[in-house]
Amino acid sequence: MIRKTFLVSQPHPLSNMRMIRAAPGTFLSAEEQHWLTIRQSQILEHHEFWKQNNIKFESQKQAFMEKIELEQQRKATSDEMSAFYKHYLESNRETHVQYNNRLWQQNIRNLVPGIRMEVALLTDFVWSQATGFFSIFTKRRGYHAHGVTVR
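Reading the values: rules and limits
Residues numbered from 1 in each chain as written. Predicted model: local features only at pLDDT ≥ 70, side-chain atom pairs only at ≥ 80, totals over all residues. Heavy atoms only, no water. Helix = DSSP H or I, 4+ residues; strand = E, 2+ residues; numbered from the N terminus. Buried < 20%, exposed > 50% of the residue type's maximum accessible area, 1.4 Å probe, protein only. Contact = heavy atoms within 4.5 Å. Areas by Shrake-Rupley, 256 points an atom, 1.4 Å probe, with all protein chains shown as cover. Salt bridge = Lys/Arg side-chain N within 4 Å of Asp/Glu carboxyl O. Expected span 1.5 Å × (residues − 1). Arc of directions from axis to C-beta. Phe/Tyr/Trp six-rings, centres within 6.5 Å; stacked < 30°, edge-to-face > 60°.

Participant: Any details on the overall build of the protein chain? Residues and values, ideally.
Facilitator: Looking only at helices and strands, the protein chain has three helices and four strands in total. When the elements of the protein chain are put in sequence order from the N terminus, they spell out β-β-α-α-α-β-β. Counting over 151 residues, the protein chain shows a buried share of 28%. Across the protein chain, every contact between residues at least 6 apart in sequence was considered, and the portion connecting residues at least 24 apart equals 51%. Surface accessibility of the protein chain: about 10600 Å² in total, with carbon and sulfur atoms responsible for 58%.

Participant: Mind laying out the pattern of salt bridges, listing which residues take part and the relevant values?
Facilitator: Here the structure, examined in full by the defined rule, presents five salt bridges. Notably, a salt bridge pairs Arg-74 with Glu-80, separated by 2.7 Å at the nearest N-O pair. Classification of Arg-74 as partly exposed rests on a relative accessible area of 32%. Relative accessible area serves as the criterion here: at 18%, Glu-80 is assigned to the buried category. With a closest N to O distance of 3.3 Å, Glu-90 and Lys-86 form a salt bridge. In this pair, Glu-90 and Lys-86 are both assigned in helix H2 (residues 78-91), four residues apart and thus about one turn of the helix distant. There is no split in this pair, since Glu-90 and Lys-86 are both exposed.

Participant: How would you summarise H2 if you had to cite specific residues and measurements?
Facilitator: Between the first and last C-alpha of H2 there are 20 Å, a value that for 14 residues agrees with the 20 Å anticipated at 1.5 Å per step. Listing the buried residues of H2 in full gives Glu-80, Met-81, Phe-84 and Tyr-88. Projected down its long axis, H2 carries its buried residues within an arc of 100°, all on one side. Along H2, the residues that are exposed and aim more than 90 degrees away from the buried face are Ser-78, Asp-79, Lys-86 and Glu-90.

Participant: So what's going on with helix H1 (residues 30-72)? Which residues, and what values?
Facilitator: Here H1 is 43 residues long and its end C-alpha atoms lie 62 Å apart, about the 63 Å a rise of 1.5 Å per residue gives. Just downstream of H1 lies Gln-73, where phi reads positive at about 55°.

Participant: Now, about the packing of aromatic side chains: what can you tell me, with residues and values included?
Facilitator: Within the structure shown, the criterion is met by eight aromatic pairs. With centroids separated by 5.8 Å and ring planes inclined at 40°, the aromatic side chains of Phe-57 and Phe-84 adopt a geometry described as tilted. Note that Phe-57 is positioned in helix H1 and Phe-84 in helix H2, a separation of 27 residues in sequence. Its relative accessible area of 17% is what places Phe-57 among the buried residues.

Participant: Account for the side chain of Gln-42, naming residues and giving values.
Facilitator: Tracing the backbone through its elements, the reader meets Gln-42 in helix H1. Since its relative accessible area comes to 7%, Gln-42 is described here as buried. Other than its neighbours up to four places away in sequence, Gln-42 contacts Gln-106 and Asn-110.

In structure tokens form, the structure reads like this:
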């Protein structure tokens, strides 16, 4: 099943997004491949958004902290950092609202390919259980009966 075929990366240092891909040598049905391709492109889009957002946030935070240090000869307090963070969120509210709207639209568009993939997996699983000796992945790999592959 597809849940066993993913390789998930460590979080990216700038975006904190985890990339996914199919494990080498993994057979994916057409539905699984279609869903995975859609998912990977969306993760890349989210990666770019959060990378740019986090770079912008870190640069503004650094500038704010340096300003406090230069003007007041001390480090910024947690209250000052809280005020900075609130200001940052308010000034970028529209960007985050647009991002959330795109995210919801993508999730809704993903329902049909995701359902198709799950139905195909369920159909393959039920077929393999009903016949007793066919592999779950019979498409394009031949039929597997008692350890013998027929192509």
